[in-house]
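This is what each chain is made of:
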Amino acid sequence: MKPRILVIDDEAHLRELLEITLIKMGLDVDSAETLEIARGLLAKTAYSLVLTDMRLPDGSGLEMVELVTNTHKNTPIAVITAFGSAENAVIALKAGAFDYVSKPVALDQLRKLVRSALQMHEVKPADEVVEVLVKPASPSFLIGSSPEIQHVRSQIGRLARSMAPVIITGESGSGKELAAREIHRNSGRAEKPFIAVNCGAIPEMLMEAEFFGYRKGAFTGANDDRDGFFQAANGGTLMLDEVADLPLAMQVKLLRAIQERRVRKVGATNEEAVDVRILSATHQNLADCVTAGKFRQDLYYRLNVIELVLPPLRQRLDDVEELASAILLKLATPGYSIKLNQAALQALKLYEFPGNVRELENILERAAAFANDGIVDVIDLGLRSQHSLPDQRSRNANDQTLNLGDDSEVFVKPDFPCSLPEYLEAIERDVIRAALRRTQNNRTQAADLLGVSFRQLRYSIQKLKISDE
Ligand SMILES: Nc1ncnc2c1ncn2[C@@H]1O[C@H](COP(=O)(O)OP(=O)(O)OP(=O)(O)O)[C@@H](O)[C@H]1O
Ligand SMILES: [Mg+2]
């Protein structure tokens, strides 16, 4: 059976052009001039794709987007927007459209859009003209079973099927780049390149050439034609990492490239079409950057269509064990495995991780080197006092969301010299205090958290002279 497409447009001329193009691709087409007719068709037939104009005689294409998104979840819908109405495209993407084409409709762009829609829903090709690559669903690289990470995973699944720009936010080391790679890997673009660009790391003078490429002779040293990131990512995904660091002048050029889906190499006279999905990431609050005049509102609006928030590790400490196992597995060598003992695991489960998963990786890498016979003990972790963090940047980002209470003197390394028993007691005291704070001094819960019996905890509290805080 051929995939069937529903085209909704009141301009007879454009409708015909679309019909012919789709039929030539080996597809079946139904068309409708109004929302009402479209609704009737949609109720009777299952479509592989709906393509709708935004302005229709009896309403807006947006109504169709909402109808399809809410009641035909497996049917992708794309919109056709009038020239220069980029805002409509953003609104439609937010409402659930997976992509858009703008008028005048470029047929090669339309064909790409149709192919990726069919691919997305794994429709078998009707004939060879439509190349469909059906990928088996790949397992997620994001480790964790907490509700927070499950939510992220399901959002990624949904976002992978859309062309909508996504802004990925979260503290340093929380997995923003990993999430971007997952979106790409699960999308119809997986076979094409994923290019991550650190916007803060490129000298301003070179930026335009790096993004858009250049022509031979465009400037001193331009000895050859060169592609930029956009051309390199063509057909795939471009991740603008640390997007808040883009200089204002470059923001204007980038906005244009994203809106027009065309770029001009430095020194070139003509523009070339590029087909690139844009994902961006930042650990800063982009809305604040807009207020401060450091980030253009129009680009913000454009990139910020959908936000994917990576929760800090301290808000999903339940994932620590799973993450640690996976990390330690990677650090193991044949015949030598590395494991955490109970105390070390408990200590990690109470740590704040200002540097998130990356910090956990670093801690374990170091600990693995100190571990005795492959067993990591608390002391091997070398957890720092929460007040002397090296990474001030992520420390600031964390300030409002600390979990362990305000005076988080957890795991303070006492100044040497001090005896080993004293040191261990200090650690034990800190761990117990942190557990009590987290459970609002509920000793039963604190004992559970620490993996000890209530009696053991009561004994330790007396021995270490810990009072309720
Ligand atoms: N849920 C997760 N499961 C497994 N590994 C993870 C997870 N989250 C992050 N990581 C790992 O942690 C490290 C940091 O992740 P990543 O580089 O994606 O963070 P980031 O948010 O981009 O950080 P930064 O803001 O510093 O650029 C990587 O090695 C990544 O593989
Ligand atoms: Mg990153």
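Here the structure is a predicted model, which is why all the values come from computation and not from measurement.

### Quick look at the sheet that holds strand 13 (residues 277–282)
Then, in step 1: Taken together, 5 strands build an open sheet; the order of strands is 9-10-13-8-14 and the sheet is parallel. Both edges of this open sheet fall to strand 9 (194–198) and strand 14 (306–309), since each of them pairs with a single strand only. Neighbour to neighbour, the strand axes of the sheet diverge by 20° on average, direction disregarded.
Then, in step 2: Bridge analysis of strand 10 (residues 237–241) against strand 13 gives 5 bridges, and the strand direction is parallel. Paired with M239 across the bridge in strand 13 is L279.
Then, in step 3: In the packing of helix 6 (residues 147–160) onto the sheet, contacts are made with strand 8 (166–169), strand 13 and strand 14, and the angle to strand 14 comes to roughly 150°.

### Brief notes about the environment of V357
Then, in step 1: Relative to the elements of secondary structure, V357 occurs in helix 15 (residues 356–370).
Then, in step 2: Residue classification places V357 among the buried residues on the basis of a relative accessible area of 15%.

### Here's the deal with the layout of surface pockets
Empty space among the atoms becomes visible once a probe the size of a water molecule is rolled across them.
Then, in step 1: Empty space within the largest pocket amounts to approximately 1,100 Å³.
Then, in step 2: Lining the largest pocket we find 44 residues, and of these Q109, K112, R189, R261 and D275 sit closest to its centre.
Then, in step 3: Residue assignment for the lining of the largest pocket shows that the elements contributing at least two residues are helix 4 (86–95), strand 7 (99–102), helix 5 (107–120) and helix 10 (248–260).
Then, in step 4: When residues in the lining of the largest pocket are grouped by element, the largest group, 8 residues, is from helix 5.
Then, in step 5: The residue makeup of the lining of the largest pocket, split by class, is 15 nonpolar, 13 polar and 16 charged.
Then, in step 6: The two domains that each donate at least three residues to the lining of the largest pocket are domain 1 (4–120) and domain 2 (147–309).
Then, in step 7: Forming the boundary of the second largest pocket are 25 residues, of which G173, S174, G175, K176 and L178 lie nearest the centre.
Then, in step 8: Where the lining of the second largest pocket is concerned, the elements lending two or more residues are helix 7 (176–185), helix 13 (320–331) and helix 15.
Then, in step 9: Along the lines of polarity and charge, the residues of the lining of the second largest pocket split into 10 nonpolar, 5 polar and 10 charged.

### A look at the site of ligand 1
Then, in step 1: Taken together, the neighbourhood of ligand 1 is formed by 17 residues, with I143, G173, K176, R358 and E361 sitting nearest.
Then, in step 2: At a separation of 3.0 Å, an oxygen atom of ligand 1 approaches a polar side-chain atom of S172.
Then, in step 3: Residue E177 places a main-chain N or O atom 3.1 Å away from an oxygen atom belonging to ligand 1.
Then, in step 4: A total of 630 Å² of accessible area belongs to ligand 1 in isolation, and the protein chains cover 84% of it.

### Let's talk about a nonpolar patch on the surface
Then, in step 1: Together, I379, L420 and L424 make up an exposed nonpolar region whose accessible area comes to about 250 Å².
Then, in step 2: Residue position: L420 is located in helix 18 (residues 420–438).

### A short note on helix 1 (residues 12–24)
Then, in step 1: In this model helix 1 runs 18 Å from its N-terminal to its C-terminal C-alpha over 13 residues, within 8% of the 18 Å that 1.5 Å per residue would give.
Then, in step 2: For helix 1, every residue scored as buried is listed here: L14, R15, L18, T21 and L22. Seen end-on, helix 1 carries its buried residues on one side only, within an arc spanning 135°. When the buried face of helix 1 is taken as reference, the exposed residues oriented beyond 90 degrees from it are H13, I23 and K24.
Then, in step 3: G26, located one to two residues past helix 1, shows a positive phi value of around 85°.

### A few points about the pairing of strand 2 (residues 28–32)
Then, in step 1: For strand 1 (residues 4–8) and strand 2, the ladder comprises 5 bridges, and the chain directions are parallel. The residue of strand 2 that forms the bridge with V7 is S31.
Then, in step 2: With helix 1 bridging strand 1 and its parallel neighbour strand 2, the resulting β-α-β unit is right-handed.

### Looking at the packing of helix 3 (residues 61–71) against helix 4
Then, in step 1: Viewed as axis vectors pointing N to C, helix 3 and helix 4 meet at an angle of 15°, and their least axial separation amounts to 9 Å. The orientation of helix 3 relative to helix 4 falls into the category roughly parallel. The way helix 3 lies across helix 4 gives a crossing that is right-handed. Of the residues in helix 4, those in contact with L62, V65, E66 and T69 of helix 3 are I91, A92 and A95.
Then, in step 2: Within the contact of helix 3 with helix 4, the residues separate by chemical class into 5 nonpolar, 1 polar and 1 charged.

### So, empty space enclosed by the protein
Then, in step 1: The final tally for this structure, using the stated rule, is 3 cavities of 30 Å³ or more.
Then, in step 2: When its volume is computed, the largest cavity comes out at roughly 150 Å³.
Then, in step 3: Lining the largest cavity are 14 residues, and of these M163, I258, R261, V276 and I278 lie nearest its centre.
Then, in step 4: Within the residue set of the lining of the largest cavity, elements represented by two or more residues are strand 7, helix 10 and strand 13.
Then, in step 5: Partitioning the lining of the largest cavity into residue classes produces 10 nonpolar, no polar and 4 charged.

### Considering the nonpolar core
Then, in step 1: Within the largest apolar cluster, 41 residues are counted, with the highest numbers of intra-cluster contacts made by L6, I8, V50, M64, I168 and L308.
Then, in step 2: Apart from the residues within four sequence positions on either side, L308 is in contact with V152, Q155, I156, L159, V166, I167, I168, T169, A179 and I183.
Then, in step 3: Ranked by size, the runner-up nonpolar core spans 38 residues in total, among them L317, L360, L364 and Y423.

Thresholds applied
- Residues numbered from 1 in each chain as written.
- Chains lettered and ligands numbered in written order.
- Predicted model: local features only at pLDDT ≥ 70, side-chain atom pairs only at ≥ 80, totals over all residues.
- Heavy atoms only, no water.
- Pairing = 2+ DSSP bridges.
- Helix = DSSP H or I, 4+ residues; strand = E, 2+ residues; numbered from the N terminus.
- Axes fitted to C-alpha atoms, helices over the stretch in contact; angles between N-to-C directions.
- Contact = heavy atoms within 4.5 Å.
- Buried < 20%, exposed > 50% of the residue type's maximum accessible area, 1.4 Å probe, protein only.
- 1 Å grid on protein atoms, 1.4 Å probe; cavity = no way out; pocket = protein on both sides within 12 Å on 5 of 7 lines; lining within 4 Å.
- Points joined across faces, edges and corners; volume = space filled by probe spheres on them.
- Nonpolar A, V, L, I, M, F, W, Y, C, P; charged D, E, K, R; others polar.
- Domains from an automatic or database assignment.
- Near = heavy atom within 4 Å.
- Polar contact = N/O pair within 3.5 Å; in protein donor to acceptor, adjacent residues only side chain to side chain.
- Areas by Shrake-Rupley, 256 points an atom, 1.4 Å probe, with all protein chains shown as cover.
- Patch = residues over 30% accessible without salt bridge, like charges linked within 9 Å, V, L, I, M, F, W, Y side chains within 5 Å.
- Salt bridge = Lys/Arg side-chain N within 4 Å of Asp/Glu carboxyl O.
- Expected span 1.5 Å × (residues − 1).
- Arc of directions from axis to C-beta.
- Right-handed = clockwise from strand over helix to strand, strands pointing away.
- Parallel < 35°, antiparallel > 145°, perpendicular 65-115°, else oblique.
- Left-handed = near helix turned anticlockwise from the far one by under 90°.
- Core = buried A, V, L, I, M, F, W, Y, C linked by side-chain atoms within 4.5 Å.

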